[in-house]
Amino acid sequence: VDKAAYLMGVSAADLLKGLLNPRVKVGHEFIVKGQTVEQVYYAVAALAKATYDRMFKWLVSRINSSLYTALPRQYFIGVLDIAGFEIFE
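Figured I'd write up the structure that's included with this text. (Residues numbered from 1 in each chain as written. Predicted model: local features only at pLDDT ≥ 70, side-chain atom pairs only at ≥ 80, totals over all residues. Heavy atoms only, no water.)

## Points about the overall build of the chain
Inference 1: Scanning the chain from N- to C-terminus turns up three helices and four strands.
Inference 2: Sequence-ordered secondary structure for the chain, helices as α and strands as β, is α-α-β-β-α-β-β.
Inference 3: The buried share among the 89 residues of the chain stands at 8%.
Inference 4: Put simply, 15% of the contacts in the chain that link residues at least 6 apart link residues at least 24 apart.
Inference 5: For the chain, the accessible area works out to roughly 8100 Å², and carbon and sulfur atoms hold 63% of it. (Helix = DSSP H or I, 4+ residues; strand = E, 2+ residues; numbered from the N terminus. Buried < 20%, exposed > 50% of the residue type's maximum accessible area, 1.4 Å probe, protein only. Contact = heavy atoms within 4.5 Å. Areas by Shrake-Rupley, 256 points an atom, 1.4 Å probe, with all protein chains shown as cover.)

Structural data, given as structure tokens:
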């Protein structure tokens, strides 16, 4: 948790607090809500998926900017992942 929190720019204590007892806006107020183990599990899974999604999009963007040319293109890079074959512009 410490390394993940450090990379996200938050303290480990704040990350754990947010996962275990998130603040929820109700009307004009914020309340602190308790979570079950299952809810925390799903929150961690959602955080991992969102992190993977953003890192993957960042990587594709970096590759595209590195390979950019004003010349007409005749080739492409395909990425094979566990879901199948995808082509990114």
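## A word on the pairing of strand 1 (residues 23–26)
Consecutive side chains along a regular strand alternate between the two faces of the sheet.
Inference 1: Note that strand 1 and strand 2 (residues 29–32) share four bridges and pair antiparallel. From the neighbouring strand, K25 faces strand 2, where its bridge partner is F30.
Inference 2: Following strand 1, the chain reverses through two residues before pairing antiparallel with strand 2; G27 in that reversal takes a positive phi of roughly 65°. (Pairing = 2+ DSSP bridges.)

## Describing the environment of T36
Inference 1: As for its position among the elements, T36 is in the loop between strand 2 and helix 3 (37–67).
Inference 2: For T36, a relative accessible area of 43% translates into the label partly exposed.
Inference 3: A C-alpha to C-alpha distance of 8.2 Å links T36 and L20, two positions 16 residues apart in sequence.

## A few points about the packing of aromatic side chains
Inference 1: Across all of its chains, the model carries two aromatic pairs by this definition.
Inference 2: With centroids separated by 5.7 Å and ring planes inclined at 65°, the aromatic side chains of Y41 and Y42 adopt a geometry described as edge-to-face. Judged on exposure class, the residue Y41 and its partner Y42 are both exposed.
Inference 3: Summarising the aromatic geometry, the rings of Y52 and F56 are spaced 6.1 Å apart at their centres and angled 15° between planes, so their arrangement reads as stacked. Of this pair, Y52 and F56 are both found in helix 3, four residues apart, which corresponds to roughly one turn of the helix.
Inference 4: Looking at Y52, the relative accessible area reads 54%, which means it is exposed.
Inference 5: Across from the ring centre of F30, 4.4 Å away, lies the NZ or CZ of R23, which sits over that ring. (Phe/Tyr/Trp six-rings, centres within 6.5 Å; stacked < 30°, edge-to-face > 60°. Lys NZ or Arg CZ within 6 Å of the ring centre and 35° of its normal.)

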